[in-house]
Amino acid sequence: MAVIVFVHSSGSSARIFDPVAGVLADRHRTIAPDLPGHGTRPGPFTMDEAVSVVRGSLPPEPVHLVGISLGATVAALTCLAEPDRVASLVLSGGIARPPALLAVQRFVMTLLPERTMAALVGREHPGLVPQFQRAGKATALAALREIAAVDLRPWLPSIAVPALVLVGGRDRANHPGARELAAGLPRSRHVVVPDVGHLWCLTAPERFAAIVGDFVESPGPA
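None of the values given here were measured: they were computed from a predicted structure.

About the thresholds
- Residues numbered from 1 in each chain as written.
- Predicted model: local features only at pLDDT ≥ 70, side-chain atom pairs only at ≥ 80, totals over all residues.
- Heavy atoms only, no water.
- Helix = DSSP H or I, 4+ residues; strand = E, 2+ residues; numbered from the N terminus.
- Rg over C-alpha atoms; globule rule 2.2 N^0.38 Å.
- Buried < 20%, exposed > 50% of the residue type's maximum accessible area, 1.4 Å probe, protein only.
- Contact = heavy atoms within 4.5 Å.
- Pairing = 2+ DSSP bridges.
- Right-handed = clockwise from strand over helix to strand, strands pointing away.
- Core = buried A, V, L, I, M, F, W, Y, C linked by side-chain atoms within 4.5 Å.

Here the focus is the overall build of the protein chain. When you go through the protein chain residue by residue, the secondary structure sums to nine helices and six strands. Rg of the C-alpha trace for the protein chain: 16 Å, near the compact-globule value of 17 Å for 222 residues, within the 12% margin. With the C-alpha coordinates of the protein chain rotated into their principal frame, the extents come out at 45 × 35 × 35 Å. Within the protein chain, the proportion of its 222 residues that are buried is 54%. Counted over contacts in the protein chain with a minimum sequence separation of 6, partners at least 24 positions apart contribute 73%.

Dropping the structure here:
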């Protein structure tokens, strides 16, 4: 039985992986910490503190790190910090460096009232609204600020573990970032998952669990 550690996206919490963990429960042990400022963990959010939280959640045996969106960056940085404690990486909707569009997104979010931001989240994922409201606008903006300062490209070649880089077929804004991320990892596979969007662990948990479970059980050579 492998140990899988899930790292969630900005403005959500560890609860977004509850359906996935439920599917995998009979095959693997799962761990999902709340990042700073999210769920039950107090803020403020910083990337260093997020990595520290994930490192603190790791058991003695090597784990399979699974991150989505912001969580993909946190997972990659955790692997760099704890290379001997990570057996493989699954990175979904991740990026190797901040795209130019990120600055625009931060500017727009700065202007929007928190209630409007929550309503926008609810259009695609109604169940995510309470988690976003708990995290709040300040945490969402802090996460954007922190991820804008991270460029993984110089460090990706030193990640020696097998990596599965996923991106939803409908998550077109993140297709270039996923390709660049996969290209920089020496033992990676890049898969575009058809008919899903960015946070597809919420919309297709059985499919997400099946892909993660299959990879964890047989990461294989790149």
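Counting buried positions along strand β3 (residues 63-68) yields six of six residues, so the element is predominantly enclosed. Burial of β3 is two-sided: the residues V63, L65 and G67 facing one way and the residues H64, V66 and I68 facing the other way are all buried. Relative to β3, strand β1 (residues 3-7) runs parallel, the two being bridged by four bridges. Bridging from a neighbouring strand, V5 pairs with L65 of β3. By the bridge criterion, six bridges tie β3 to strand β4 (residues 86-92) in an arrangement that is parallel. Bridged to G67 within β4 is L91. Tracing the backbone out of β3, into helix α3 (residues 70-81) and back to the parallel element β4 gives a crossover that is right-handed.

Across soluble globular proteins, nonpolar side chains have a tendency to be buried as a group. The biggest cluster of nonpolar side chains holds 72 residues, and the ones touching the most others in it are L65, V74, L89 and F208. Beyond its immediate stretch of four places on either side in the chain, L65 contacts V5, V7, V54, L58, A75, T78, C79, V86, S88, L89 and V90.

Most of strand β5 (residues 163-168) is tucked away, with six of its six residues classed as buried. Alternating positions in β5 separate into two faces, A163, V165 and V167 on one and L164, L166 and G168 on the other, with burial throughout. As judged from the four bridges shared by β4 and β5, these two strands associate in the parallel manner. Counted as the bridge partner of V90 is L164 from β5. Note that β5 and strand β6 (residues 188-193) share six bridges and pair parallel. Along β6, the bridge assignment pairs A163 with S188. For the crossover that starts at β5, traverses helix α7 (residues 175-184) and ends in the parallel β6, the hand is right-handed.

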